[in-house]
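# Commentary on secondary and tertiary structure
These are the residues of each chain, in order.
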Amino acid sequence: MAKKPKIEHSEFSGEFEDDGVTVLVDIYRPAGTQQDWTLEVISEHDDVTTWDEPFATDKDAWEEFLATCEKDGIRSFLDGEEPSGSLDALVADF
């Protein structure tokens, strides 16, 4: 059985609350690498939004999350609604 690779989580990862909605922002990359960062947002209903394109820095990923919240609202991460704009989000219900 293959081992699951270790993940390094950004200091920007964590719960984020706005407008009465709480989501988990997860910004991560393989541990011990200088690879780009992945951004995922997980709603309180376990809807997962993952950006297709990685980010050069964890701060870039965090700023993209904030910009999406500003533009589309935090509720855009609920009920499988994809944020609009230039990102291609993958929404999966777990």
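The structure contained in this document is the topic of the report that follows. (Residues numbered from 1 in each chain as written. Predicted model: local features only at pLDDT ≥ 70, side-chain atom pairs only at ≥ 80, totals over all residues. Heavy atoms only, no water.)

## Notes on the environment of threonine 38
With respect to the helices and strands, threonine 38 occurs in strand β4 (residues 38–42). Taking the C-alpha atoms as reference points, threonine 38 and serine 10, 28 residues apart in sequence, are found 9.9 Å from one another. When residues no more than four places from it in sequence are discounted, the contact partners of threonine 38 are Asp26, Ile27, Tyr28 and Thr50. (Helix = DSSP H or I, 4+ residues; strand = E, 2+ residues; numbered from the N terminus. Contact = heavy atoms within 4.5 Å.)

## What to know about the nonpolar core
In this structure, Phe16, Val23, Val25, Leu39, Phe65 and Phe77 are the most contacted members of the largest nonpolar core, which totals 17 residues. Elements supplying a minimum of two residues to this core: β3 (21–30), β4 and α1 (58–72). (Core = buried A, V, L, I, M, F, W, Y, C linked by side-chain atoms within 4.5 Å. Buried < 20%, exposed > 50% of the residue type's maximum accessible area, 1.4 Å probe, protein only.)

## Regarding the environment of glutamate 17
If you trace the backbone, glutamate 17 turns up in strand β2 (residues 14–18). Among the polar contacts made by the side chain of glutamate 17, one reaches the main-chain amide nitrogen of glycine 20 at a distance of 3.0 Å. (Polar contact = N/O pair within 3.5 Å; in protein donor to acceptor, adjacent residues only side chain to side chain.)

## Structural notes on α1
Helix length check: α1 (15 residues) gives 21 Å between terminal C-alpha atoms against 21 Å at 1.5 Å per residue, within 8%. Those residues of α1 lying buried are Asp58, Ala61, Trp62, Phe65, Thr68 and Cys69. Each buried residue of α1 lies within a common arc of 120° when the element is viewed along its axis, so the set occupies one face. Turned more than 90 degrees away from the buried face of α1, the exposed residues are Glu70 and Lys71. Buried residues belonging to α1 abut β2, β3, β4 and β5 (47–51). The positive-phi residue at the C-terminal boundary of α1 is glycine 73, with phi of around 85°. (Expected span 1.5 Å × (residues − 1). Arc of directions from axis to C-beta.)

## A short note on the environment of phenylalanine 65
Looking at the secondary structure, you find phenylalanine 65 in helix α1. Of the residues examined, phenylalanine 65 reaches a relative accessible area of 0% and is grouped as buried. Sequence separation of phenylalanine 65 and valine 25 is 40 residues, and the distance between their C-alpha atoms is 8.2 Å. Setting aside chain neighbours within four positions, we find phenylalanine 65 in contact with Phe16, Val23, Val25, Leu39, Val41 and Phe77.

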